[in-house]
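Examining the three-dimensional arrangement
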Amino acid sequence: MSTTACVVLAALAFAAGFVLARRRPALPEGGWKDEATFTTLHIAAMAAPSLRAGLTKESARRAVRHLRALLGTSALAITSTDAALAWDGACTDEVLTHARAALASGRPHVFAGEPHGAVVVPLTVEGTVVGALAAYDEELSAALVRTVTEVARWVSGQLELAELDSSRKRAMEAEMRALRAQISPHFVYNALTTIASFVRTDPDRARELILDFADFSRYALRKARDFTTLADELTCVDRYLLLERARFGDRLRFSVQVAPEVLPVPVPFLCLQPLVENAIKHGMRGHDGKGEVRVVVRDAGPEAHISVEDDGMGMEPERARQVLDDDPRNQGNGIGLANVDVRMRQIYGEAYGLVVETAVGAGTKVRLRVPKGRHSSL
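Residues numbered from 1 in each chain as written. Predicted model: local features only at pLDDT ≥ 70, side-chain atom pairs only at ≥ 80, totals over all residues. Heavy atoms only, no water.

With respect to the packing of aromatic side chains
The geometry of an aromatic ring pair is captured by the separation of the ring centres together with the interplanar angle, meaning the angle of the planes. Inspection of the entire model under this criterion finds four aromatic pairs. Taking the centre distance of 5.3 Å and the plane angle of 50 degrees together, the rings of tyrosine 219 and phenylalanine 269 count as tilted. Pair noted here: tyrosine 219 is in helix α7 (residues 203-220) and phenylalanine 269 is in the loop between β8 (266-268) and α9 (273-283), with a separation of 50 residues, a long-range link. A relative accessible area of 10% places tyrosine 219 in the buried class. Taking the relative accessible area as the measure of exposure, phenylalanine 269 reaches 0% and is therefore buried. Ring-pair connections join several aromatic residues into one group, and the members of that group are Phe227, Tyr348 and Tyr352. For arginine 205, the ring lying beneath its charged end belongs to phenylalanine 198, and the centroid distance is 5.0 Å. Across from the ring centre of tyrosine 352, 4.4 Å away, lies the NZ or CZ of arginine 369, which sits over that ring. (Phe/Tyr/Trp six-rings, centres within 6.5 Å; stacked < 30°, edge-to-face > 60°. Helix = DSSP H or I, 4+ residues; strand = E, 2+ residues; numbered from the N terminus. Buried < 20%, exposed > 50% of the residue type's maximum accessible area, 1.4 Å probe, protein only. Lys NZ or Arg CZ within 6 Å of the ring centre and 35° of its normal.)

See below:
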C-alpha cells in the first residue's frame, strides 16, 4: 500500500474516533460505530474531488464545509502561504496571523482566544509547506489538536495526489511534443526531394504533392491532443501513403479497407501512421524493392480492430519482441512501434498493446485494438 494511502486511512480512522467521541454519548457496544465510520468516510469522499484539483480558491471553497463537518468545529479556514482561500463558520480576522506562525515553523500551533481558540496545522506537498488548515472552536483540547493534525495530513495527501495528477498531465503533454518531433526526418527529406523532382516535369503533380505534404504536416504538428478520431488518423495515413507512392512509384502498392461505422471512434493521436511507416520501411526490402501494404479497420462490437500488414521479408518472432521491448526514446528513425505500444498500454491497459505476427519470409502484420468507450475528451 502506498504511503499516501496509509496516511489517508490512518487520518480518517483517527478522525472517525474523535468525531464519534465529540458527538455521541456512550452507548451500548455494536450500534453506532459502523455508522460513524461510514459518515466520516462519506464526508471525506465529498471533500476529496475538490482537493484533487490542487490548492486554489475554488477547490478550497468546495472542500472547506465538508472538512468542517468532518471535524465538527465551530469554524474552519483554509489558507495558502499568503492568503485566506476559504472559510466556513465565523472565523476571526486573525486567521492569516495564525496561519503565518504555523507556516513559518512548519509545525501545528494552538492559539487561545475568546470566544474561540484556534488550532492551525501546515499543509505540505512533498515536504514543502503550501498552506494551512485552521480550526476554531470554543474548547481546545489535545484530542482536537491531534485530530486537526491528522485531517491536515489527509488534506496534504490529497494535494500530493493532485500534484501527481498535474505532473502526469505535464509528462503526457511533453510526450506529445516529443512525439511530433519524432516524425522521421528521412521522410521529410524524401518527400521534399520527391516533390522537387516533379516541379519541372509535372508541375500540377508537384502542386498536389505539396498540398498533401502540407495537410500531413498540419495534422502531425498540430497542437498536442491525447486523442483524435479514426477518420482524422486515416486521413493522415492517406496523405502519407500518397507521398510515399510518389516516391516509390508502382513499386509500392497499398490498399485501405475501413468499416464506415468506426470512423468516429476516438483513437490515440498518431497511433496508426507509425505502423504504416514501419510496414513500408520493412515491406520494401524484399521482392526486388517492391512491396504491398494493407490497412484493414474492422468494427468488432465494443472495439475497433486495426491491422497493418506488409509482404516484406518479415523477421524472427524474437526480433519482433525486441522491437516492442526497446526504449521508445532510442528509436531515431521515426516514432516507431515501441512508442505506440507503450502509449496503448498506458491508456487502455496491458491487454491493449500491439500484437506483431511475423516470420522470416512471411511478411509482418501489426494489430491493435481500440475500445470504443474508453477515452479522454477530444
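On we go.
Structural notes on unusual backbone geometry
The backbone of glutamate 126 sits at a positive phi, close to 55 degrees, despite the residue not being glycine. Within the secondary structure layout, glutamate 126 lies in the loop between β4 (117-125) and β5 (128-137). Positioned with a positive phi, leucine 270 is a non-glycine residue whose angle comes to about 55 degrees. As for its position among the elements, leucine 270 is in the loop between β8 and α9.

Description of the sheet that holds strand β9 (residues 291-300)
In spatial order, the strands read β7-β9-β10-β12-β11; together these five strands make up an open sheet with mixed pairing. Either end of the sheet is taken by a strand with one partner, and the two such strands are β7 (252-258) and β11 (355-358). When strand polarity is set aside, the average angle formed by the axes of neighbouring strands in this sheet is 15 degrees. Note: strand β10 (residues 303-310) against strand β12 (residues 364-371), eight bridges, orientation antiparallel. By the bridge assignment, aspartate 310 is partnered in β12 with threonine 364. In this fold helix α8 (residues 230-248) packs onto β7, β9 and β10, with an angle of close to 165 degrees to the strand it touches most, β7. (Pairing = 2+ DSSP bridges. Axes fitted to C-alpha atoms, helices over the stretch in contact; angles between N-to-C directions. Contact = heavy atoms within 4.5 Å.)

Side note on the environment of alanine 75
Among the secondary structure elements, alanine 75 is positioned in strand β1 (residues 75-80). Taking relative accessible area as the criterion, alanine 75 reaches 1% and is therefore assigned buried. For the pair formed by alanine 75 and cysteine 91, sequence separation is 16 residues and the distance between their alpha carbons is 5.8 Å. Those residues in contact with alanine 75 that lie beyond four places of it in its chain are Arg68, Asp88, Gly89, Ala90, Cys91, Ala134, Ala135 and Tyr136.

Examining the packing of α7 against α8
For the pair α7 and α8, the least separation of the axes is 9 Å and the interaxial angle reads 140 degrees. Comparing their axes, α8 and α7 come out oblique. Considering the relative orientation of α7 and α8, their crossing is left-handed. Residue-level inspection shows Arg205, Leu209, Asp212, Phe213, Asp215, Phe216 and Tyr219 of α7 in contact with α8, the latter providing Asp232, Glu233, Cys236, Arg239, Tyr240, Leu242, Leu243 and Ala246. A breakdown of the residues in the contact of α7 with α8 according to their chemical character gives nine nonpolar, no polar and six charged. (Parallel < 35°, antiparallel > 145°, perpendicular 65-115°, else oblique. Left-handed = near helix turned anticlockwise from the far one by under 90°. Nonpolar A, V, L, I, M, F, W, Y, C, P; charged D, E, K, R; others polar.)

Some thoughts on α7
Helix length check: α7, at 18 residues, gives a terminal C-alpha distance of 25 Å against a target of 26 Å (1.5 Å per residue), a fit within 8%. All of the buried residues along α7 are Ala206, Leu209, Asp212, Phe213, Phe216, Ser217, Tyr219 and Ala220. Along the axis of α7, the buried residues cluster in a sector spanning 160 degrees; they form a single face. The exposed set on the far side of α7, more than 90 degrees from its buried face, consists of Asp204, Arg207 and Arg218. (Expected span 1.5 Å × (residues − 1). Arc of directions from axis to C-beta.)

Observations concerning the confidence of the model for the protein
Mean pLDDT over the protein stands at 80; residues scoring 70 or higher make up 80%. Below pLDDT 50 for its whole length, residues 1-11 participates in 11 contacts with residues either more than four positions away or in separate chains. (pLDDT = per-residue confidence, 0-100.)

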